[in-house]
Amino acid sequence: MDTPIQPSEAPAGRDPARNAGGLRRIAVPFVVAPPAGVRIRTRLRPTDTEAAALTTIGEHLGHLYRTDLAGRVALGRVPAAQRGRTERKRNLTAVSSSRWAGAITRAAEDQYQLGMRALVAEVSHLRAATAALHRRIAVPVGRKDGKNRGYRSESERFQKTRRLAQLQESLETAQESLAAGRPSITLGGKRLWKTRNHLGEAGLTRVQWEERWAASRMFLTADGESGCLGGNQTIRLDAAGTLAVKVPASLVPELGERLVLSVPVAFNHRGEEWADRVEARRRIRYDVTYNPHNGRWYLDASWSYGDTPAPGLAVLQAGGVVGVDLNADHLAACRLDASGNPVGTPISIPLELAGLPAGTRDGRLRSAITTLLDFARDTGAAAIAIENLDFQDAHSTGREKMGRGARGKRFRRTVHGIPTGKFGERLVGMAASRGLSVIAADPAYTSRWGGQHWQRPLQAASGGTVTRHHAASVAIGRRALGCRIRRREDGPRTRQWTGAGQPSPRPNQASKGAATGTGPVRPAATNRPGPSGTGRRQAPKTVRGASALLKRI
């Protein structure tokens, strides 16, 4: 088994992110935490009267939620004791109920914190984009200063200065909002809100847009409480499938205390697990949503598992892994044993997502992950190794670093089309349901070193078609196992004796013009005493040396 990679410290005066050879330092692999909870969905079938009542309740609570969120944003970034949640909840209770008021204030705080995290990410994105433009604009047209290349023409440089001015203005606005702690939040979605200005291009009428806008701003969410009947008193669903929604106080004269649906509700996926929680009166959160596109109502149930400990990295490495290389149109996977050696034939799983609707893309992604998990189960792997990818830098500075013209545009579109976030999220959740874990490895040089050191050995061993992506999956798996990716060719050994000659040079040390890895493999050198160029050993000249030789024989 290869020696695990040991982290080292960089000497003073050197970039800590790179080693002595100028290569990026490799981060230690880690086990991805399993999902903290589960969320399931089923369809509701209310009558026209019940659907109208649900709409009335949702719009009323949505108005209260938006009002409370606006007040929370106006407070800015303040300590918890100064957020006035008790007073806000008391005011909401008078027009809804204590449980609805608690759900609204908690949701408003969660939405505010999410908006602040998005604002921090936006500031980071704008800083990276403006810095990249500054570096290239500072270089004269057609010149190159180190790694920074100037633009091809004065016209292109002028357009980039205009873009830089726009980004700087957006950066100043975002920094002011971040300093004040007041993020911009559009309940219902900013994309849908902008669609109102070009309804013809979106294929919507004004009435259809208003239906979607009203449906996206309804609030029908209840967190639930442990110890209560069904795990939730606000939106209660018993074991028999009867759904009852508590009506806000201001709507009780019109709708009554509770709105009970006449058609029973059932969960097909994880239904037994949900029934166990209902019987045990454990907390369950319910969300009621309406999709005006197909005119259907849905009920989502979710609950948390608590702190689920992840298996240790050493335990997972001992069982071997399946290395996976994620690409724009397929997954490349290969099984590796605990020593980092490829086992069997690598596979390719199609993943065509370009130009498809979001629902179709998600379905195909789940299908590909299911095939991958079946492969891991059939080969007996303990974990799946993936790259810890994050294309945030590519999204921020892609126009300046990822090529120009039609070719660069195609490459940027390909990179942006790779579902790195969705793939990792779906894989972790689906693998946990199969009893598998996910190991994230540093993505640095996996494609380059994999193709350089593992494509030919895989081709020779499997006999089938082996691509560079299959070799990259081997590199990813070896890094997750703590093994080195790069190999050094070694010669044949006869017991403890080696033949004459020197080991083959490393690929990056070969002389210019010389082919590497095409001729016969030369045996490795030895440090045993003996005449140069022979495999024989000189006779010992001391009694101690002779005794040692007799013991070996």
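Structure's up top.
Residues numbered from 1 in each chain as written. Predicted model: local features only at pLDDT ≥ 70, side-chain atom pairs only at ≥ 80, totals over all residues. Heavy atoms only, no water.

K.L.:
Talk me through the pairing of strand β12 (residues 330-336); I want residue IDs and the actual numbers.
P.N.:
Counting buried residues along β12, seven of its seven residues qualify, which places the element largely inside the surrounding structure. Side chains His330, Ala332, Cys334 and Leu336 of β12 all project onto a buried face; the interleaved residues Leu331, Ala333 and Arg335 project onto the opposite face, where all are buried too. Bridge analysis of strand β11 (residues 321-326) against β12 gives six bridges, and the strand direction is antiparallel. Of the residues in β12, the one forming a bridge with valine 322 is arginine 335. Connecting β11 to the next strand, β12, in antiparallel fashion are three residues. When β12 meets strand β13 (residues 342-350), the two strands line up antiparallel, connected through six bridges. Residue histidine 330 lies in a different strand from β13, and its bridge partner there is proline 350. The turn joining β12 and β13, which pair antiparallel and follow one another in sequence, is formed by five residues; a positive phi near 90° is taken by glycine 340. (Buried < 20%, exposed > 50% of the residue type's maximum accessible area, 1.4 Å probe, protein only. Helix = DSSP H or I, 4+ residues; strand = E, 2+ residues; numbered from the N terminus. Pairing = 2+ DSSP bridges.)

K.L.:
I'd like a description of the sheet that holds strand β5 (residues 221-222), backed by residues and values.
P.N.:
The sheet built from four strands is open, its strands ordered β2-β10-β9-β5 with antiparallel pairing. Here the strands that pair on one side only, and so sit at the sheet edges, are β2 (37-44) and β5. Relative to strand β9 (residues 285-291), β5 runs antiparallel, the two sharing two bridges. What sits directly across from threonine 221, in β9, is aspartate 287. Where helix α9 (residues 271-279) meets the sheet, its contacts fall on β2, β9 and β10 (296-304), and the angle it forms with β10 comes to roughly 70°. (Contact = heavy atoms within 4.5 Å. Axes fitted to C-alpha atoms, helices over the stretch in contact; angles between N-to-C directions.)

K.L.:
Explain the environment of serine 302 to me, using residue names and the numbers behind them.
P.N.:
Here serine 302 shows up in strand β10. The spacing of serine 302 and tyrosine 286 is 16 residues in sequence and 6.6 Å in space, taken between C-alpha atoms. Other than its neighbours up to four places away in sequence, serine 302 contacts Val38, Arg39, Ile284 and Arg285.

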